[in-house]
Amino acid sequence: MTVVTSNENTTEGEHSKSADRRGYQAWTQNLPAGTFKNVVSKLFTNEDNVQLHKTLGILSLISFVYRYFYVYPTTGTLGFDGSWFDHLSMFIHVALSTSSLVFHVIRSRILNRPMIIWEEYRLHAIVFSTRCLSVYLMGTYRPFAGTMLERIYVPLVVLAHHVVADKITEMYGSKDGVTTVRVKDTHRPEITTVLRFYAFYQFTALASHVQPNARLADLGFNTLIAIQSSAFLMTLYRKGLIAEVTHAFVYTSCLLISMWHIFANCGNGLFLAKLTAAYFLRTDFKMNKYVLWLTFAFLSVPAVVDLMAAKLMEIAGEELGNSTVEKIQWACNQHDLLNKFCSMNSSLHA
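On a predicted model such as this, the values are computed, not experimentally measured, just so you know.

Student: Explanation requested: unusual backbone geometry in the structure shown.
Tutor: Note: most residues except glycine have negative phi, and most peptide bonds are trans. Look at Gln51: it is not a glycine, yet its phi comes out positive at around 65 degrees. Here Gln51 lies in the loop between helix 2 (35–43) and helix 3 (52–75). Within the chain, Lys286 stands out as a residue other than glycine whose phi angle is a positive 55 degrees. Summarising the element assignment, Lys286 is placed in the loop between helix 11 (269–283) and helix 12 (289–298).

Student: What is the right way to read the layout of surface pockets from this model?
Tutor: Any empty space left between atoms is shown by rolling a water-sized probe over those atoms. Its volume calculated, the second largest pocket comes out at about 1,400 Å³. As for the second largest pocket, its lining consists of 47 residues, and the residues nearest its centre are His53, Ala231, Phe232, Thr235 and Leu236. The set of elements that each furnish at least two residues to the lining of the second largest pocket consists of helix 2, helix 3, helix 4 (84–98), helix 5 (119–140), helix 9 (224–238) and helix 10 (244–266). Its residues assigned to classes, the lining of the second largest pocket shows 27 nonpolar, 12 polar and eight charged.

Student: So what exactly am I meant to see when it comes to the pattern of salt bridges here?
Tutor: All told, the structure shown has eight salt bridges when counted by the stated rule. One salt bridge in this structure joins Arg67 and Asp86, with 2.8 Å as the shortest N-O distance. Of this pair, Arg67 sits in helix 3 while Asp86 is found in helix 4, placing the two residues 19 residues apart along the sequence. This pair shows no difference in class: Arg67 is buried, exactly as Asp86 is. As a salt-bridge pair, Asp166 and Lys289 come within 2.7 Å of each other at their nearest N and O atoms. Of this pair, Asp166 sits in helix 6 (residues 148–172) while Lys289 sits in helix 12, and the two are 123 residues apart along the sequence. By sharing partners, the salt bridges in this structure join Asp81, Arg215 and Asp218 into a single network.

Student: Looking at this model, I keep getting lost on the nonpolar core. Mind explaining?
Tutor: The nonpolar side chains of soluble globular proteins are, as a tendency, buried together. In terms of nonpolar packing, the biggest core is built from 33 residues, with Met138, Tyr201, Phe203, Phe271 and Trp293 touching the most fellow members. Secondary-structure elements contributing two or more residues to this core are helix 5, helix 6, helix 7 (189–209), helix 8 (216–222), helix 9, helix 10, helix 11 and helix 12. If you look at the next biggest cluster of nonpolar residues, it comprises 21 residues, including Tyr68, Tyr136, Ile168 and Ala217.

Student: I tried to follow the packing of aromatic side chains on my own but got confused; where do I start?
Tutor: Enumeration according to the criterion identifies 20 aromatic pairs in this entry. Centre to centre, the rings of Tyr66 and Phe85 are 5.9 Å apart; their planes meet at 90 degrees, and the pair counts as edge-to-face. Note that Tyr66 is positioned in helix 3 and Phe85 in helix 4, a separation of 19 residues in sequence. For the pair Phe263 and Phe271, a centre-to-centre distance of 6.1 Å together with 80 degrees between the ring planes defines the contact as edge-to-face. Phe263 sits in the partly exposed class, given a relative accessible area of 24%. Judged by relative accessible area, Phe271 falls into the buried class, the value being 2%. Taken together, the ring pairs in this structure connect Phe200, Phe203, Phe263, Phe271, Tyr279, Phe280, Trp293 and Phe296 into an aromatic cluster. For Lys54, the ring lying beneath its charged end belongs to Phe44, and the centroid distance is 5.1 Å. Geometry around Phe296 places Lys274 over its ring, the cationic atom sitting 4.7 Å from the centre.

What counts, and where the lines are drawn
Residues numbered from 1 in each chain as written. Predicted model: local features only at pLDDT ≥ 70, side-chain atom pairs only at ≥ 80, totals over all residues. Heavy atoms only, no water. Helix = DSSP H or I, 4+ residues; strand = E, 2+ residues; numbered from the N terminus. 1 Å grid on protein atoms, 1.4 Å probe; cavity = no way out; pocket = protein on both sides within 12 Å on 5 of 7 lines; lining within 4 Å. Points joined across faces, edges and corners; volume = space filled by probe spheres on them. Nonpolar A, V, L, I, M, F, W, Y, C, P; charged D, E, K, R; others polar. Salt bridge = Lys/Arg side-chain N within 4 Å of Asp/Glu carboxyl O. Buried < 20%, exposed > 50% of the residue type's maximum accessible area, 1.4 Å probe, protein only. Core = buried A, V, L, I, M, F, W, Y, C linked by side-chain atoms within 4.5 Å. Phe/Tyr/Trp six-rings, centres within 6.5 Å; stacked < 30°, edge-to-face > 60°. Lys NZ or Arg CZ within 6 Å of the ring centre and 35° of its normal.

Spelled out as structure tokens, the structure:
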């Protein structure tokens, strides 16, 4: 006889299959009783009985540690220069996100339990991981390097992924329009501040992808840490292995690591000004995101940057006096970090 629950049109047999699919793998129950057995039993379920997702997850974790804590301190970059090892690293990370399809997730977001993975979130993670791969490939293979054609196709390819993400949201998204970017000020002030920081990171990540850069391949990899740490931490939280505050601390740390590398490669004064303007135009004035980011990319064209910088210097000279501007330029040249922040273009160092 078919029994229908009050919450889902699911048969008793389907419930049994779901329980079997998500149950503990048999070998985990042979481990000695204790914390280790508890953790392993919750992580190793029948949904991934060949350990594919977990193997890719471990390799991805090693990849992050290797790139951020070994390659960067020893070379000053994340080391993505188009080698077979770089290709393999990116394949592993994208495969990790894609292999999440083996797991059962809820169809719609539970608004009062935002750290439970749902279908829209999972598909977005796959799409944005693929965006990282596309950015990596465009940074590695640059047949039109330095040309206007490159400055046209880079943002168009990146934004094509967002078209797909929007279609996914149409199918699975929250009907009230709640997203990470559209933060509602109904939380406690400290929670709202954290959520706005998370939203600002999304803008920073996208800004680093829509314009050509000598280290664009690095920047493609760099935002994977935000996507994949989020999914991993949400899983640990749902299984009761970490607390909410641990999730927030580790995830925020991952975003700060990623932001450091973005600003190290892109973070001059003009980039920060454009980024801040983009954030407020989108969040406060609801500007169409495709118009917004294509405008951002246009304002990154060297000829446009030179024109803007010259105009700003002209205004600064009129308002502050040429001697004051010269002093500011001198101060910027005294330290590498200040130099990076101040240098809107090479004319500032003439």
